[in-house]
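Residue-level listing of the chains:
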Protein chains: 2
Amino acid sequence: MAEVIIAVDAMGGDNGPQAVVSGAVAALADTDISKILLVGRESDIRPILDVLNFDNSRIEIVNAEEVIGMEEVPTVAIKSKKDSSIVVGLRLVKEGRAAAFVSAGSTGAVLAGATTIVGRIKGIARPALGVVFPNTRGYTFLVDAGANVDAKPEYLLQFAQMGSVYMEAVLGIENPKVGLINVGAEREKGNALTKEAYDLLDASDLNFTGNVEGREIPLGAVDVAVCDAFVGNIILKYSEGFAKGILSMLKEELMADGVSKFGALLSKKAYGRLRKRFDYTEVGGAPFVGLNGLVVKAHGSSNSVAIMNAVKQCSKFIKSDVVGKIRLKINAIESKEGNEK
Amino acid sequence: MAEVIIAVDAMGGDNGPQAVVSGAVAALADTDISKILLVGRESDIRPILDVLNFDNSRIEIVNAEEVIGMEEVPTVAIKSKKDSSIVVGLRLVKEGRAAAFVSAGSTGAVLAGATTIVGRIKGIARPALGVVFPNTRGYTFLVDAGANVDAKPEYLLQFAQMGSVYMEAVLGIENPKVGLINVGAEREKGNALTKEAYDLLDASDLNFTGNVEGREIPLGAVDVAVCDAFVGNIILKYSEGFAKGILSMLKEELMADGVSKFGALLSKKAYGRLRKRFDYTEVGGAPFVGLNGLVVKAHGSSNSVAIMNAVKQCSKFIKSDVVGKIRLKINAIESKEGNEK
């Protein structure tokens, strides 16, 4: 494999440059990433680097003076802040100077910037955010988890096509099972969006298994779960809160009587493993799919471990050539449709 | 309190008349319910009753020969099956012969029937399904959890008003905190529906605390969480699957090493209590709000304990006069708006 260079938004995320810079430096160990470009204010980044140990030739600062805040209107911010870490970082991908850009900053700004600067794959109506999350049997690719809160049926079809390619390319799942997130199993169930999307999915060459109800997703009924970003975001964040809530209720109950409390002490290792399975820092970043380049969103509240995992994950995405494979798939569909017309 | 008579759909639910009839009979113990009307095929109900012990004067069969299946189109089924358990049961409420109707049958059919037969409260655009579910600090009223998959902003405002009355009347929560389920905390976040609904909620006299993100709901951030039924249904069913999934992963991890396994044995009581907190059979039924009478939906897969709890819960709804209080609230809003015009 050629040199792998990853650009990282040093300014993004709730924990600021400290978490990002130390996470990025940590990502250099045990990886085939050749170099990391830290994009952001040199005056903020340098002091953090100064106290860390790393190979100087593998870290480079790319100065960007501006920062896009979480509360800014994405499209406006992208246009007006040309020297922001997000815009500069995305330009590195566009220009081929980096193979990927990782940011824990505003999802909306990264999406708006990526769509304008990196660009969509020809034929893709809207890029989407895909998140891989654990179910009882393995992993589900939830798409769209954060890009299009008002989606059209055609978008959902493309999300499914891209999700299917992702699960095959990155996780090696053959002919992934695709489900449409819906309020009932029957074809006629749902809202205006899902009713139309069902027909499109059913007519496609995907391994579409029909509607998937909320309760089946955590139990691993499908490999790719498709929805608009409103529903996807709610599911994603709800899971986070629910896992936290259930673990805190478990703790409460375990502490409520002496024997249970003693038992809990003995089962400490098991709880550690369970927590790990639900820890977003282990998951790493979420890729945008449908872009002409690799752009990865890390969780806003990423600590350095989460950043490290998100950066490391990029080398897996690059090796599996997920962007190239999505492009091929969409091209094939486009030309087939062209022939049929 | 006067005589309390509850009508129960003996034919509804995945577990058929057996679970419903035995659950209804069990509900007669420790309750102020005077009588239960079992609505359905007498030939199916009688043999089940024959082997149960109960006070004959407190159970009555109201014969209805037809059954509406889960796969039937609700509006069509309600019109064509006049002698179905759902239509006959709802008529008992309409005619004042029963104070409430409980069904574990098709949500769509119960809703369509209730809207036509029992009718909406004057001023209510759409009735909604409200579900009380546990959070780490108490309970959240999720509304709409199953009625309107394509909602309008005005509906969401009314759901919030009704949910607020519910939490105050039934659970005694003063000035309940109302949150709009959304993808971000900021006012401008969301899809077309939530953006408009935010303005309406913000201008209302409710204790509206703004948008509530998925992760905050299980942690008890609000007392009333408002959304359309698509989102509500996904949250509800997802929670069910997620709780099941996380408990099965916990079991896996506890069994994975000997010491943890031994600890788990000692903590058995704590696990029992945790399971109970997540057991839908404990929650009982979900009331439709906005109707001119009390109609309660029990979970489709209700066993006899769940039916018992759903029936028993009705006496609480009746005592708190939640229907009357919602009517008063909506009347007050209507006449205030009338005066302002």
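Residues numbered from 1 in each chain as written. Chains lettered and ligands numbered in written order. Predicted model: local features only at pLDDT ≥ 70, side-chain atom pairs only at ≥ 80, totals over all residues. Heavy atoms only, no water.

In the superposition of chain A on chain B (RMSD 0.0 Å, axial shift 0.0 Å), the rotation amounts to 180°. As the rotation angle and translation indicate, the two copies are arranged about a two-fold axis. If distances are taken from each C-alpha of chain A to the rotation axis, the shortest is found for Gly 263 of chain A, at 1.9 Å. Most of the interface of chain A is mirrored in chain B, where 100% of its interface residues again form contacts. (Least-squares fit on C-alpha atoms with pLDDT ≥ 70 in both. Contact = heavy atoms within 4.5 Å.)

Once that is clear, we can look at the side chain of Asp 144 of chain A. Residues and elements named next belong to chain A. Looking at where Asp 144 falls in the secondary structure, it is placed in the loop between strand S6 (139–143) and helix H6 (153–169). Buried and without a salt bridge, Asp 144 has Arg 126 as its closest oppositely charged side chain, separated by 8.6 Å. At 2.7 Å, the side chain of Asp 144 and the backbone nitrogen of Asn 148 are in polar contact. Excluding its chain neighbours within four sequence positions, the residues that come into contact with Asp 144 are Ala 128, Leu 129, Phe 159, Cys 227, Asp 228, Ala 229 and Gly 232. (Helix = DSSP H or I, 4+ residues; strand = E, 2+ residues; numbered from the N terminus. Buried < 20%, exposed > 50% of the residue type's maximum accessible area, 1.4 Å probe, protein only. Lys, Arg positive; Asp, Glu negative; His and termini not counted. Salt bridge = Lys/Arg side-chain N within 4 Å of Asp/Glu carboxyl O. Polar contact = N/O pair within 3.5 Å; in protein donor to acceptor, adjacent residues only side chain to side chain.)

Before going further, it helps to spend a moment on the pattern of salt bridges. Enumeration according to the criterion identifies 28 salt bridges over all chains in this entry. For the salt bridge of Asp 257 of chain A with Arg 273 of chain B, the shortest nitrogen-to-oxygen distance reads 2.7 Å. Of the two residues, Asp 257 of chain A is situated in the loop between helix H8 (229–255) and helix H9 (258–266) and Arg 273 of chain B in helix H10 (residues 268–277); the pairing between them involves two chains. Residue classification places Asp 257 of chain A among the buried positions, given a relative accessible area of 17%. Members of the salt-bridge network, linked through shared partners, are Arg 187, Asp 199 and Asp 202 of chain A.

Further remarks concern the sheet that holds strand S10 (residues 286–289) of chain B. Residue and element names in this part refer to chain B. Strand order across the open sheet formed by eleven strands is S3-S2-S1-S4-S11-S10-S5-S6-S9-S7-S8, with mixed pairing between neighbours. Since the sheet does not close on itself, it has two edges, and those belong to strand S3 (59–63) and strand S8 (207–212), each with one partner. Direction aside, the axes of adjacent strands within the sheet are offset by 25° on average. Of the strand pairs in this sheet, strand S1 (residues 5–9) and strand S4 (residues 100–103) are connected by three bridges, and their pairing is parallel. The residue of S4 that forms the bridge with Ala 7 is Phe 101. Taken strand by strand, helix H5 (residues 107–118) contacts S4, strand S5 (128–134), S10 and strand S11 (294–297), and its axis lies near 175° from that of S11. (Pairing = 2+ DSSP bridges. Axes fitted to C-alpha atoms, helices over the stretch in contact; angles between N-to-C directions.)

To continue, consider helix H8 (residues 229–255) of chain B. Residue and element names in this part refer to chain B. With 27 residues, H8 extends 39 Å between its outermost C-alpha atoms, agreeing within 8% with the 39 Å of an ideal straight helix rising 1.5 Å per residue. For H8, a buried count of 20 out of 27 residues is recorded, marking the element as mostly surrounded by other parts of the structure. The opening residue of H8 is Asp 228, an N-cap whose side-chain oxygen sits 2.8 Å from the backbone nitrogen of Phe 230. (Expected span 1.5 Å × (residues − 1).)

Attention shifts here to the environment of Tyr 166 of chain A. Among the secondary structure elements, Tyr 166 of chain A is positioned in helix H6. Each C-alpha atom of the pair Tyr 166 of chain A and Val 20 of chain A lies 26 Å from the other, and the pair is 146 residues apart in sequence.

A few words on the packing of aromatic side chains. Residues and elements named next belong to chain B. Tallied over the entire structure, the rule returns nine aromatic pairs over all chains. Taken together, a centroid distance of 4.3 Å and an interplanar angle of 20° make the contact between Phe 141 and Tyr 166 stacked. Here Tyr 166 lies in helix H6 (residues 153–169) and Phe 141 lies in strand S6 (residues 139–143), a separation of 25 residues in the sequence. Centre to centre, the rings of Tyr 198 and Phe 208 are 5.1 Å apart; their planes meet at 75°, and the pair counts as edge-to-face. Taken together, the residues Tyr 198 in helix H7 (residues 192–203) and Phe 208 in strand S8 connect sequence positions ten residues apart. Classification of Phe 208 as buried rests on a relative accessible area of 14%. (Phe/Tyr/Trp six-rings, centres within 6.5 Å; stacked < 30°, edge-to-face > 60°.)

As a further point, take the confidence of the model for chain A. When the pLDDT values of chain A are averaged, the result is 93; 98% of them are 70 or greater. Model confidence for the complex is summarised by a pTM of 0.90, with the ipTM given as 0.87. (pLDDT = per-residue confidence, 0-100.)

Looking now at the interface of chain A and chain B. Taken together, the contact pairs 59 residues of chain A with 59 residues of chain B. Of the roughly 5,500 Å² buried between chain A and chain B, counting both surfaces, carbon and sulfur atoms make up 68%. In terms of surface lost to chain B, no three residues of chain A exceed Phe 230, Tyr 238 and Met 249 of chain A, which account for 13% of the buried area on that side. Where chain A meets chain B, there are 23 residue pairs in polar contact (both at pLDDT 80 or more). Secondary structure elements with two or more residues in the side of chain A that touches chain B: helix H7 (192–203), H8, H9 and helix H10 (268–277) of chain A. (Buried area = accessible area lost by both parts, 1.4 Å probe.)

A few words on unusual backbone geometry. Residue and element names in this part refer to chain A. Residue Asp 144 is bonded to the preceding Val 143 through a cis peptide linkage, with omega at 10°. Non-glycine residue Asp 321 carries a positive phi angle of around 50°. By secondary structure assignment, the location of Asp 321 is in the loop between helix H12 (304–319) and helix H13 (322–340).

Residue and element names in this part refer to chain A. The strand order across the open sheet built from eleven strands is S3-S2-S1-S4-S11-S10-S5-S6-S9-S7-S8, with neighbouring strands paired in mixed fashion. Two strands bound the open sheet, and with one partner strand each, they are strand S3 (59–63) and strand S8 (207–212). Recorded for the sheet is a direction-independent mean angle of 25° between the axes of neighbouring strands.

Before going further, it helps to spend a moment on the nonpolar core. In terms of nonpolar packing, the biggest core is built from 114 residues, with Ile 181, Ile 235 and Val 295 of chain A together with Ile 181, Ile 235 and Val 295 of chain B touching the most fellow members. Contacts of Ile 181 of chain A, omitting those with residues within four sequence positions, involve Leu 142, Thr 194, Val 212, Ile 217, Ala 225, Val 226, Cys 227, Val 231 and Ile 235 of chain A together with Phe 230 and Ile 234 of chain B. Within the second largest apolar cluster, 64 residues are counted, among which are Val 4, Ile 121, Val 132 and Val 322 of chain A. (Core = buried A, V, L, I, M, F, W, Y, C linked by side-chain atoms within 4.5 Å.)

This brings us to the pairing of strand S4 (residues 100–103) of chain A. All names here are of chain A. Both faces of S4 are covered, namely the face carrying Ala 100 and Val 102 and the face carrying Phe 101 and Ser 103. Bridge count for S4 against strand S11 (residues 294–297) is four bridges, and the pairing is parallel. If you follow Phe 101 over to S11, its bridge partner there is Val 295.

Below, the discussion takes up the side chain of Ser 106 of chain B. Residues and elements named next belong to chain B. One can find Ser 106 in the loop between S4 and H5. With a relative accessible area of 5%, Ser 106 lands in the buried category. Within polar-contact distance, the side chain of Ser 106 engages the backbone nitrogen of Ala 109 at 3.0 Å. Excluding its chain neighbours within four sequence positions, the residues that come into contact with Ser 106 are Gly 69, Met 70 and Lys 297.

On to H10 of chain A. One turn of an α-helix holds 3.6 residues; hence residues three or four places apart share an orientation. Residues of H10 of chain A that are buried: Ala 270, Tyr 271 and Leu 274 of chain A. All buried residues of H10 of chain A fall inside an arc of 100° around its axis, so they share one side. Exposed residues pointing more than 90 degrees away from the buried face of H10 of chain A are listed as Lys 268, Lys 269 and Lys 276 of chain A. Looking at the buried residues of H10 of chain A, the elements they touch are H8 and H9 of chain A together with H8, helix H9 (258–266) and H10 of chain B. (Arc of directions from axis to C-beta.)

Counting through the fold element by element, Ile 181 of chain B comes out in strand S7 (residues 177–181). The buried category is assigned to Ile 181 of chain B, whose relative accessible area is 1%. Along the primary structure Ile 181 of chain B and Gly 210 of chain B are separated by 29 residues, whereas in three dimensions their C-alpha atoms are 8.8 Å apart. Apart from residues no more than four positions distant in its own chain, Ile 181 of chain B is found in contact with Phe 230 and Ile 234 of chain A together with Leu 142, Thr 194, Val 212, Ile 217, Ala 225, Val 226, Cys 227, Val 231 and Ile 235 of chain B.

On to the environment of Thr 116 of chain A. In this structure, Thr 116 of chain A sits in helix H5 (residues 107–118). The sequence separation of Thr 116 of chain A and Leu 90 of chain A amounts to 26 residues, and the corresponding C-alpha distance is 9.5 Å.

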